[in-house]
Structures are given as C-alpha cells and as structure tokens.
Amino acid sequence: MDITLAVNGRQVTASIEANTLLSALLREGLALTGTHVACDTSQCGACTVLVDGASVKSCTLLAAEAAGATVVTIEGLAADGALHPMQQAFHDEHGLQCGFCTPGMVMSAVDLVAGNPDPSEAEIRAWLKGNICRCTGYQNIVKAICAGAAALRSA
Amino acid sequence: MTQDGIGAPLRRKEDRRFLTGRGRYVHDIVRPGQLYAVFLRSPHAHAEILGIDTRPALAGTGVVAVYTAADTAGKINGVPCAWGIAGKDGKPMKEPPHPPLALGKVRHVGDPVAMVVAESLAAARNAAELVQVSYKVLPAVTGVADAVKPGAPQLYDDVPGNLCCDWAVGDKAKTDAAFAKAHHVARLDLVNNRLVPNAMESRAALAEYEPATGDYTLYTSTQLPHVARVLLGVLMLGIPERKFRVVAPDVGGGFGSKQVVYAEEALVTWAAGQLERPVKWVAERSEAFLSDAQGRDHVTHAELALDKDGKFLGLRVATLANIGGYVSTFGPNIPTNLYGPLLAGAYTTPAIYCEVKVVFSNTVPTDAYRGAGRPEATYVLERIVDVAARDLGLDRVDIRRRNFIAKDAYPYQTPVMLQYDTGDHAATLARALDLSGWSGFAARRAGAASRGKLRGIGIVTYIEACGLAPSRIAQQLGARGGLFESANIRVNPSGDVSVFTGAHSHGQGHETVFAQLVGELLGVPSANVEVVHGDTARSPFGLGTYGSRSAAVGGAALFKAAGKIIDKGKKIAAALLEASEQDIEFKNGAFMVAGTDRAKSFVEIAGAAYTPPPSYPLETLEPGLEETAFYDPVNFTYPGGCHVAEVEIDPETGVTTLVAYTAVDDVGTVLNPMIVEGQVHGGVVQGVGQALCEDCVYDPESGQLLSGSFMDYCMPRADDLPVIVSATESTVSAHNPIGVKGCGETGTIASPATVMNAVVDALAAYGISHVDMPASPQRIWRAIQAAAPRAAAE
Ligand code: FES
Ligand code: FES
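Being a predicted model, the structure only gives us computed values, none of them experimental. (Residues numbered from 1 in each chain as written. Chains lettered and ligands numbered in written order. Predicted model: local features only at pLDDT ≥ 70, side-chain atom pairs only at ≥ 80, totals over all residues. Heavy atoms only, no water.)

## Quick look at the domain arrangement of chain B
All names here are of chain B.
Turning to step 1, where the next piece is worked out: For chain B, the domain assignment lists domain 1 (31–138 + 200–253 + 258–291), domain 2 (298–468 + 635–793) and domain 3 (484–631).
Turning to step 2, where the next piece is worked out: Each of domain 2 and domain 3 has a C-alpha centre, and these two points are 41 Å apart.
Turning to step 3, where the next piece is worked out: At the junction of the two partners, domain 2 supplies 19 residues and domain 3 supplies 18 residues.
Turning to step 4, where the next piece is worked out: When domain 2 packs against domain 3, close to 1400 Å² is buried across both sides, 66% of that on carbon and sulfur atoms.
Turning to step 5, where the next piece is worked out: Of all residues in domain 2, L468, L671 and I738 give up the largest surface area on contact with domain 3, accounting jointly for 36% of the area buried on that side.
Turning to step 6, where the next piece is worked out: Along the contact surface separating domain 2 from domain 3 lie zero salt bridges.
Turning to step 7, where the next piece is worked out: If you look at where domain 2 meets domain 3, you find five residue pairs in polar contact (both at pLDDT 80 or more).
Turning to step 8, where the next piece is worked out: Grouping the amino acids of the side of domain 2 that touches domain 3 by side-chain chemistry returns eight nonpolar, eight polar and three charged. (Domains from an automatic or database assignment. Contact = heavy atoms within 4.5 Å. Buried area = accessible area lost by both parts, 1.4 Å probe. Salt bridge = Lys/Arg side-chain N within 4 Å of Asp/Glu carboxyl O. Polar contact = N/O pair within 3.5 Å; in protein donor to acceptor, adjacent residues only side chain to side chain. Nonpolar A, V, L, I, M, F, W, Y, C, P; charged D, E, K, R; others polar.)

And the structure:
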C-alpha cells in the first residue's frame, strides 16, 4: 500500500507492506538511519521519534498507522545546521558515548520538556524508564536534559 | 596545560554526527545488490544433529543459498582462540574444534546450525523456518558446579569431566603454611552471576567481494579490526591480509563482547565470496542474548587467614569458571590470568594460592566482559575482607588500612605474578571517606530505621591491572600474538595533522582524547588533529581496544610517534635556521635555536618538509613529515581506588535501593576529566547492574535461556540510580611515558563488591553474612525470612 506522511518537514509517499514498522520505513525506506533499533521487545527506546509531537517507539508502530502523521526524527531536529538546544546540551554535558541510544534519548527528552518545561531530576529519571543506555550510566544524560530544558525555557 | 590539550575537559569531536543521526554503524550501511543472511540456531542446549534438509528452504521465494556445516566443512576453519592457557601440570588446555556452523552436535541454545541468504530479510527469515533439522536431544548441563560432577553430561568425547583446564597460580605450600599459623580463618562461598554484555548496538557484519581483484571487505562491529582480519581472514578463511580489509565503523558499545571473533563474521565473508554479492547480517536482540559472548559465571570458595591483629597472612581461593560450550577468543584467559593474579588487591597478603577449574557447559561461551576477571577477583577479595572484619569484630575501614601496601612500598611485587608500579591507597581511602560522609552514616541509618528501612554502607579498596599488555608477559601467559599498539602521525603539508591509531573507539572518545594528546605534544590546536581508526586499510596494524588499554598503550604509541615527528622537525629546522641540530629546541609549537629568537613554526616546518626549500638537505634528509611507532609497554598499569555505596532495603518487600555512590579512583594522568568521569559513571552502573538486577539464567533441566530479552534480563535504568559522586586522586604510572593508568573498567571492577558489602551491612542485624548477586527483591526477602526466625530465637 502507499502512504503519505510528513517526515522532518517533507511530504513523502512510500510504498509499504501492511506489516512494515515505522522504524523500518524510516531506516530502510527513507534512509534515515539515525533512528536506531536495539531490541525486539519495545524496551530500549533507541527507536524513539516524534509522531504528531509525541514520542513514540517507532519499532512498535506500524508504518501504516503513521499515514497522514507528522514525524520528526533525530535528523529533523537541527535547524539550518544549528543544533537543537537539547542536542547541544547532550554535547555540552557529555550525555553520549557510543551514540547508539542517543537519538532515542534526545527525542524522548524533547517530548518530556515539551510537556514539562522544568522537570526535576526524579521526573527525568522516571521519564527515561523506556530508554536504555549501556554506556553512560545515565548521569550525564539526566544532566543534559536538565540543561536542555533550561536552554529551551530561556529560548 | 593548553586550553584544549592534556587535562582539558574538551567536548567531544565525535558528538555531532551521533547527535544529528549521522553516525554510521554497520546496521546503517547498505551496499548495492546486498543480500541478507539469517542464522538458524539450535533450539536445544545439547543434541546430536541427525540430519538437515535444506531443500524446502531453498525453494522459498528470494532464497539464494542455504549453508550448513556440510557446505563449510573443509572450507572454513574453526573459530580460533587467541589466548591458550596451560594447566597446573603444564599441559595445554583442552581446545576442541569450534566449527562455524554446528557439526554433528549442538552445544548450547543458539548454536548456529544453518545460514540462509536471501534477497530480502523477510525472505531469509521465512526460509530459515523451513530448514528442517532432526535432532536427538541429549541431557544438558548448564551450571558449572553440576558440570564437574561425576556422571554429568559430557560436551566432548575427549574432554573428560568437561574440564578445559585445571589452572593455578601462587605458592600452595607457602599458603598452607600461612593458614597453619593463623589466628583466624574467614570463609566464604559465593557465586559470581553470569551476565549478558548487551552493547546497545547488536553485532552486525556486512561483507563484499570483488571478483575482478579477489578483494574482500568486511564491515563488522568489532573492537579489534586488525586482529579480526588475522583470525577471520588468515586463520579461518585463508584470505591473505592484503586481500582483506576489515572496517569497524561507528560501533555502538563493546564492553568486551566485540573483542571476540565470531563465526557469523567469517560465514558472511565466505558467503559474499561464494555468491559474489554483498551479504549483510544484523543480530536481533534475542539473537544477541543467544550468541554474544557472556561474562562472569563463577562458583568460588575462599579462605582468608589472619593473625590476631587482623593482618592478612594468606588467601586461598578455589573457583569453578564456566566457559560455556566452546573456547571463545579470549575465553579461558579471563577466569585465570586476569583473575588469580588480581587477588592480592591493595593488600600485603604474603601468600596466595588460587586454583581455577575452567569448565565447559551447555551455555553460550563466556569471554571478556567489562573488567574481565578483575571484577570477579575484587568481588572475592573485598567480600571476604568484610567477612573477616565481622568475624574479628574489626572496623571495615581499619582492617583495610592495616593491610594496605604503603605508598612508599611501591613498586610492589605481589605473590601472584604482578608488579605494581605506583599507588596511594591511604589517599583514595581518605578522599572517599570524606566525599561519602562515611562518619555521618549512623545518623542516616537511624533516619532510615525510623522509616522502616534497613540502611547499609559498603566500602571497597581495590587495585586492578590494565593497559593490556606487554607482549612478552602476555605471551608467557599464553597469548598467541603481541599486545603492543601502533600509531601513525601524518603531518600534512599545511601543518594540520592526521593521526592513525590501531586502537578502536566505540564510545570512549578517542577522536577527541587522542587529538588532545597529539595536539599538546606537537603544539597544534586539537581542532587541527583528525584521528582515524577502525579500518585496516588506513591504520597500521594494531591490537584494538579492550582492557582499558587505549590511552596507556595506544596513547603511549602516539607519544612515541610524536617524538619522532619532533626529532625530524628539529633536523629540518636546523637546516633551515643554519644551526646545529643539538641547538634546536621544540617549545610551544615552534622549533627554535636555543637562547636566540630564531625560530620556525610547526606549520613552516611542515611546509618545508613537503616543499623543500634550497636549504633543505635532500641528500641526507628525506622529505615528508610522517612517522609510525609501535609501543610495547614494560608492564601493565595498575589503577586503584576506593568506592563507597549506601543502600536502603525495605524488609517488607526485599527491594534494595542504591541511595548513594562515591567513586575515588587513581587512574594516573587524566587526559580529559570529562571523559574519565563518563567512563567511571558507565562502569559503576554496569557493576551496579550485576549487584542489583542483572542475571543471566538458564533452565537447569532444559538448558533454555530464561533471561533472553530485556523483559527478562533486567538492565539498570535511569530511575534505579542515585547521583554518582566521583573524583580522581592520581599517582602517575611509571609504566608508560604519559603516566596514564586507564579508566574504562575501574567502575565495573569496584562496584559489585561495594554494593554487595552495603547490602550485607544493611542485613547485619539479621546475622546474614553473605548474599549472592543480584540482590533481587526475592532473594533479599527470602534471606530475611530465613534469618528472621533464627534472629528471633537468639
Ligand atoms: S528498538 Fe524500539 S524499543 Fe527497542
Ligand atoms: S551512549 Fe552507548 S548506549 Fe547510550
């Protein structure tokens, strides 16, 4: 079947199977490989993208369900070459090591802060339940999200 | 320190591509015309293969090939081991063949049996389900204590008792004599639970073959591309190195699991050659659980002999180590050479004897996992020190202090092979006690008690060996190769610098840290230094990254290469400045005639090297400015330190919460404090995971892996953790020219014991003297239930 959706500000029409996952459409169909797949049980959050503004595990959504939706992936966050404040905060606070969980962490954080502009450390940690990182021990990710939130508040 | 040189918390150069989704992991690479490989894996822990019928699978749409051992036998050699060990009797370990696809028998759930290659992933998956394998299921054994019992199922006909190797280190007679005169002997039985490394990027391999030239390229998620080229190409596939390029592009974490060379990498490469098309395989997470080398899995009995003052007289350790169904790349080396010699720890124990039985079982092979042997040793030692303190009514800090190797006793020869260079345990201890608020614990415990919680505090003082390694020592211990590192520094004509290292970065930040190091040494801004790694076609032969070796060995190689660049620069400068070479000094990025203001900048020298002016002595001095160095260290490095943890346990539910953690580490020279801190955080949390939640469990009857997904295998999450307070308190390593010790594994080495010492302390009122990891709610609750009636009766 053919579906049309907006991805990172661009209307795209893609031909998919009924069982194609959104993560597969993004990675394989649209070559947006910044969205990562790190598990097969919807646990890790590496595949997190924004669908109509809400963070979603793209490995858990059928591409067909995203028909007509507005999708933002990690590739769509930086505007005109300038990092999004959340990306910048991850850089400043050393919130990433191998980088594999990072796109999901950043997208998830962007959604958190959209709904809760000044999250406490405990709220951030609770929000990250669905995102696994094996490298950083989370501490600098939490710091980065605090800093990113602050930057977005003052933006 | 320059602003962006050694010691600066420089932000990472590699971040931007990862933060914008432009990382390039093997998962992301697509080659024109690529095929997809899927492995059919054994559903049984132990079975004979009676027959395989691939015809139904081959008939599937889009299926290109189905391979079994019948196809690869004689074409692909077995998966090799890079580090053999010898037993007490001097005889080599048992090293049965490890065919890339199971031949005749499967030995663990997940053992690969067939490879299906198809036009699409879906087609390959569908076809894999059509391969028909008939098995005769055999009794299986997964637990190491069961595997050594008489009558246990035998994995190999010619490996009696499943015993790969009966290994020992230390002086048995001397240790027995120490025990004979002991005032007290502390005893401890413990299990070091099996773990799954779970790098977030699952393993993946994509191979291509160019028939016109016979060249192979393999993109693979490895920590050691050059070693993989030798083991896969030369040893397994018979592809000469000149025809085989191995690329480890961005790699999403390794933790040791990607320093292992795997059958899938060889099979994909071979299939690409057979089919003359690129072949790609990406492990699914559930497949990773069944095929990535796992870690730990020891059963240990330990005894510590003490005199009446609490001085350690002798340590005796007997361990059964489970290495799974096959000998993995470094498998047998981990629970032996990287374990027994670490049992001296930070203490002056004069006599140590450690025996390890290395045992096969019907489980996924074990190999290096962050810390590799050293967390296991630290766990044994630091737990039994606590047991001894309690037995003798001594303070846990005090007993450690009494037994410390004094700062001025370094260099210190331990009774188990290692010679430590530098350390200052009193300093790291004092700092950790201070940062953790150790002296104020009683009030916090009372506060917790008023909330119905049991609060405990734990401490560990440790030393570890890393910076693997000096080739000579490693070879004496069974390494089948060298363990140096390489560096190539290419100063480009404009004076910017390209650095090629044999080390590999999969999260450690080498592109930043090595640029800082080289930038500082050459007086060039680190922004003008580009670090290249992970490609055998670009970097000189190097051994890769594991064992916290990149800075200590790879960094030292860069130091050496930079020295050669400066030496040549001096020659060029001498000619250009019409001075004698001896009079040229290199300072602040300029070559100057000592005592004068005559100087040439680094950029000018680089320009002259490539555009030699008339004064350049081409007859005696080659043009160009590029140097290669190979650095083989004199010894390991020995990071150490002191960690403190506090936990609260809810006695009603058995839930343990880690409420505070302090890490003070001696990592030697700190090249980038931000990166060191990040490594410590990550390392600590991996160890906390082992202590509190991670557990790889096999069903003892069927041999099925019960913890085969993130739903059953509990990874630490952000909300399981407190803020980790970390600091460095460094002494400079004498074993390499930059003084670094390494920081990649310190956290994982210290934290399991630290957390468990806190857990046992919290349960002290119940008379509980030990709990095995992980301290899951169920285990803690049961321990309390079992102890409570006893405590009440007393
Ligand atoms: S890949 Fe989507 S949650 Fe793991
Ligand atoms: S940075 Fe490696 S998994 Fe998070």
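Right, picking up where we left off after that structure.
## Considerations on the nonpolar core
Turning to step 1, where the next piece is worked out: By size, the foremost hydrophobic cluster in this structure holds 213 residues, and its most contacted members are F90(A), I145(A), L304(B), Y420(B), V755(B), V759(B) and L763(B).
Turning to step 2, where the next piece is worked out: Membership of the second largest hydrophobic core comes to 48 residues, among which are I489(B), V513(B), L558(B) and F586(B). (Core = buried A, V, L, I, M, F, W, Y, C linked by side-chain atoms within 4.5 Å. Buried < 20%, exposed > 50% of the residue type's maximum accessible area, 1.4 Å probe, protein only.)

## Description of unusual backbone geometry
Turning to step 1, where the next piece is worked out: The omega angle of the peptide bond from Y410(B) to P411(B) is -5 degrees, so this bond is cis rather than trans.
Turning to step 2, where the next piece is worked out: Locating P411(B) in the fold gives a position in the loop between α11 (396–403) and β16 (412–413).
Turning to step 3, where the next piece is worked out: In this structure, P774(B) follows M773(B) across a cis peptide bond, with omega equal to -10 degrees.
Turning to step 4, where the next piece is worked out: Among the secondary structure elements, P774(B) is positioned in the loop between α19 (746–762) and α20 (777–793).
Turning to step 5, where the next piece is worked out: Within the chain, Y138(A) stands out as a residue other than glycine whose phi angle is a positive 70 degrees.
Turning to step 6, where the next piece is worked out: The class for Y138(A) is buried, based on a relative accessible area of 0%.
Turning to step 7, where the next piece is worked out: Despite not being glycine, R296(B) has its phi angle at roughly 65 degrees, a positive value.
Turning to step 8, where the next piece is worked out: The topology assignment puts R296(B) in the loop between α9 (285–291) and β13 (298–306).
Turning to step 9, where the next piece is worked out: By relative accessible area, which is 4% here, R296(B) ends up buried. (Helix = DSSP H or I, 4+ residues; strand = E, 2+ residues; numbered from the N terminus.)

## Focus: the environment of E745(B)
Residues and elements named next belong to chain B.
Turning to step 1, where the next piece is worked out: As for its placement among the helices and strands, E745 is situated in the loop between β28 (724–728) and α19.
Turning to step 2, where the next piece is worked out: Each C-alpha atom, one on E745 and one on L267, is 32 Å from the other, the two residues being 478 residues apart in sequence.
Turning to step 3, where the next piece is worked out: Once you skip the residues sitting within four places of it in the chain, E745 turns out to touch R370, G371, A372, R374, E464, C466, G547 and S548.
Turning to step 4, where the next piece is worked out: Looking at E745, its side chain comes within polar contact range of the side chain of R374, at 2.8 Å.
Turning to step 5, where the next piece is worked out: Side chain to side chain, E745 and S548 meet in a polar contact 2.6 Å long.

## Here's the deal with the sheet that holds strand β22 (residues 584–587) of chain B
All names here are of chain B.
Turning to step 1, where the next piece is worked out: Spatial ordering of the open sheet is given by β22-β23-β24, a layout of three strands whose pairing is antiparallel. A single partner strand is all that each edge strand has here, and the edge strands are β22 and β24 (599–601). Along the sheet, successive strands turn relative to each other by an average axial angle of 20 degrees, direction set aside.
Turning to step 2, where the next piece is worked out: Of the strand pairs in this sheet, strand β23 (residues 590–593) and β24 are connected by three bridges, and their pairing is antiparallel. Within β24, the residue paired with F591 across the bridge is K600.
Turning to step 3, where the next piece is worked out: The sheet contacts of helix α16 (residues 550–576) involve β22, β23 and β24, and relative to β22 the element is tilted by about 125 degrees. (Pairing = 2+ DSSP bridges. Axes fitted to C-alpha atoms, helices over the stretch in contact; angles between N-to-C directions.)

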